[in-house]
Amino acid sequence: MQRWRGLEDIPQDWGRSVVTIGSYDGVHRGHQLIIGRAVERARELGVPAVVVTFDPHPSEVVRPGSHPPLLAPHHRRAELMAELGVDALLILPFTTEFSKLSPADFVVKVLVDKLHARVVVEGPNFRFGHKAAGNVDFLAELGGTYDYEVDVIDLYVSGEAGGGEPFSSTLTRRLIAEGDVTGAAEILGRPHRVEGVVVRGAQRGRELGFPTANVETLPHTAVPADGVYAGWLHAQGEAMPAAISVGTNPQFDGTERTVEAYAIDRVGLDLYGLHVAVDFLAFVRGQAKFDTIDSLLVAMADDVKRCGELVAAATRA
């Protein structure tokens, strides 16, 4: 999959294409319907499928300080899109100047002049241009002038997550913030992932017999609620069953919120300085402070046992 950073990266001889535009944070199951349809139409027409997205998130530019917690960084979204068959990803730097483009100017500068859109695939509530003034009806109206078709796909899927609410990035963020990583996984179609570099912490886990990878998460990451989770630690090409702790470590009067993963039954791991990923499978218990260190050790041993069982069951399923 080709990856372009800005309009100037698009090859000058780029021909017609099928395009879809959106933040696509998380590339959840609703997003997958739209992107999948774009890929399907592209294959039918014998042209490439292109996804257009933005960095930073538009809300951070339009309303500074309102950047939502992110479900996936751009490189992870690119991986997921490539798996869906996308041929090219265009990441547009979202600046104040760019935010002032009228809907008509956006269509001409991006879809017509650069991507030579043959079909544009979007959800029914897609908005674009200055003050989000453009919608799918306006997009289709301009299609008559600039020779492209608009294909509107209902992206709304629902299930048990959120009590039956339609799947969305907003709902996914809420469930993650509540610690409902199982519900989030239903929406995403896979476990929620947190990434970052392993840094040195207080090393108390090592002292207690459970050495953990202290993950310095990427900016704006959607981190689950404080507690203990079962999941996987991905490092050096390997997915290791893990017991994951999120929180401030109240047992030792900690104040900084961290994500730490203990690779179950792995000895001698040295991951310092490596970029790793943590997948959250299931919530095990909330954060707690114990009366004694011995009580803490008993709880940690129980956590590791339970986490191992949950991962093993998920692997068998």
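Parameters at a glance
Sequence order as written defines residue numbering, which begins from 1 separately in each chain. Where local features are concerned, this predicted model is filtered to residues with pLDDT of at least 70; where side-chain atom pairs are given and counted, the filter is 80 or more; whole-chain, interface and lining totals use all residues. Each side-chain value is derived from all of the structure's non-hydrogen atoms; neither hydrogens nor water enter the calculation. Using a 1.4 Å probe on the protein chains alone, a residue whose accessible area is under 20% of its type maximum counts as buried, one over 50% counts as exposed, and one in between counts as partly exposed. Only DSSP runs of H or I reaching four residues or more are called helices, and only runs of E reaching two or more are called strands; each is numbered from the N terminus. The rule for pairing is simple: two strands pair if DSSP sees at least two bridges between them. Put simply, a nonpolar core is a bunch of buried Ala, Val, Leu, Ile, Met, Phe, Trp, Tyr and Cys residues held in one set by side-chain atoms that sit within 4.5 Å of each other. The contact criterion used is simple: two residues touch if any of their non-hydrogen atoms lie within 4.5 Å. Arc definition: it is the arc formed by the directions from the helix axis to the C-beta atoms. Every angle, taken between N-to-C directions, lies between 0 and 180 degrees, and every axis is a line fitted to C-alpha atoms, over only the stretch in contact when it is a helix. Small angles under 35 degrees read as roughly parallel and large ones over 145 as roughly antiparallel, with 65 to 115 read as roughly perpendicular and the rest as oblique. The crossing is said to be left-handed when, going from far helix to near helix, the turn is anticlockwise and less than a right angle, and right-handed when the turn is clockwise. All amino acids are sorted into three groups, where Ala, Val, Leu, Ile, Met, Phe, Trp, Tyr, Cys and Pro are nonpolar, Asp, Glu, Lys and Arg are charged, and the leftover types, Gly among them, are polar. Between Lys or Arg on one side and Asp or Glu on the other, a salt bridge is scored when a side-chain nitrogen of the former is within 4 Å of a carboxyl oxygen of the latter. Domains are outlined according to an automatic or database domain assignment. Note on definitions: buried area is the accessible-area loss of two parts on being combined, 1.4 Å probe, summed for both. To pair, rings of Phe, Tyr and Trp, with the six-membered ring standing in for Trp, must have centres within 6.5 Å; the planes then decide the type, stacked if under 30 degrees apart, edge-to-face if over 60, and tilted in the middle.

1. Concerning the pairing of strand 4 (residues 88-93)
With 5 of its 6 residues buried, strand 4 lies for the most part within the structure. With 4 bridges connecting them, strand 1 (residues 2-5) and strand 4 associate as parallel partners. Residue Trp 4 lies in a different strand from strand 4, and its bridge partner there is Leu 90. Direction of pairing for strand 3 (residues 49-55) relative to strand 4: parallel, over a ladder of 6 bridges. Within strand 4, the position partnered with Asp 55 by the bridge is Pro 93.

2. So, the nonpolar core
Counting residues in each nonpolar core, the largest one holds 29 residues, and the members touching the most others are Leu 115, Leu 139 and Tyr 148. At the level of secondary structure, the elements contributing two or more residues to this core comprise strand 2 (17-21), strand 3, strand 4, helix 5 (103-112), strand 5 (117-122) and helix 6 (136-146). Looking at which element gives the most residues to this core, the answer is helix 5, with 5 residues. Excluding anything up to four places from it in sequence, Tyr 148 contacts Val 107, Val 112, Ala 117, Arg 118, Val 120, Leu 139, Leu 142 and Gly 143.

3. Comments concerning helix 5
Burial in helix 5 covers these residues: Pro 103, Phe 106, Val 107, Val 110, Leu 111 and Val 112. Along helix 5, the residues classed as buried sweep out an arc of 155 degrees about the axis, all on the same side. Packing partners of the buried residues in helix 5 comprise strand 2, strand 3, strand 4, helix 4 (96-99), strand 5 and helix 6.

4. A look at the sheet that holds strand 9 (residues 227-235)
The 6 strands lie next to each other as 7-8-11-10-9-12, forming a closed barrel whose pairing is antiparallel. Each strand of the sheet is rotated relative to its neighbour by a mean of 45 degrees, with strand direction disregarded. Relative to strand 11 (residues 258-263), strand 10 (residues 238-247) is paired through 6 bridges, and the arrangement is antiparallel. Considered in strand 11, the bridge of Val 246 is made with Val 259.

5. Quick look at the packing of helix 5 against helix 6
Between helix 5 and helix 6, the shortest axis-to-axis distance is 11 Å and the interhelical angle comes to 55 degrees. Here helix 5 is positioned oblique relative to helix 6, judged by the angle of their axes. Between helix 5 and helix 6 lies a crossing of right-handed hand. Contact with helix 5, carried on its side by Pro 103, Ala 104, Val 107, Val 108, Leu 111 and Val 112, involves Phe 138, Leu 139, Leu 142 and Tyr 146 of helix 6 and no other residues of that element. Partitioning the contact of helix 5 with helix 6 into residue classes produces 10 nonpolar, no polar and no charged.

6. Observations concerning the pattern of salt bridges
If the charged atoms of two oppositely charged side chains come close together, the side chains can form a pair. For the coordinates displayed, the defined rule picks out 19 salt bridges. A salt bridge links Arg 306 to Glu 309, with the nearest nitrogen and oxygen atoms 3.8 Å apart. Placement of the pair is Arg 306 and Glu 309 together in helix 10 (residues 293-316), with a separation of 3 residues, close to one helical turn. When its relative accessible area of 38% is taken as the criterion, Glu 309 is described as partly exposed. Among the charged side chains, a salt-bridge network with shared partners connects Arg 37, Glu 40, Arg 41, Glu 44, Glu 149 and Asp 151.

7. Observations regarding the domain arrangement of the protein
Entries for the protein in the domain assignment read domain 1 (1-154) and domain 2 (190-314). Each of domain 1 and domain 2 has a C-alpha centre, and the two are 36 Å apart. Residue-level contacts link 12 residues of domain 1 with 9 residues of domain 2. The largest per-residue losses of area from domain 1 upon contact with domain 2 belong to Leu 70, Leu 71 and Arg 76, which jointly make up 46% of the total buried on that side. The interface formed by domain 1 and domain 2 holds 0 salt bridges in total. For the side of domain 1 that touches domain 2, the leading source of residues is helix 3 (residues 74-83), giving 3 residues. When the residues that make up the side of domain 1 that touches domain 2 are grouped by side-chain class, the tally is 7 nonpolar, 4 polar and 1 charged.

8. Some details on the pairing of strand 10
Pairing between strand 9 and strand 10: 9 bridges, direction antiparallel. Directly across from Gly 231, in strand 10, lies its bridge partner Ala 242.

9. What to know about the packing of aromatic side chains
Tallying each qualifying case throughout the model produces 10 aromatic pairs. Between Phe 54 and Phe 94, the aromatic rings sit 5.6 Å apart at their centres with planes inclined by 85 degrees, giving edge-to-face as the arrangement. One end of the pair, Phe 54, is in strand 3; the other, Phe 94, is in the loop between strand 4 and helix 4, with 40 residues separating them in the sequence. Aromatic pair Tyr 229 and Phe 283: ring centres 5.4 Å apart, planes at 75 degrees, arrangement edge-to-face. Residue Tyr 229 is found in strand 9, and its partner Phe 283 is found in strand 12 (residues 275-285); the two are separated by 54 residues along the sequence. For Tyr 229, a relative accessible area of 0% translates into the label buried. By relative accessible area, which is 40% here, Phe 283 ends up partly exposed.

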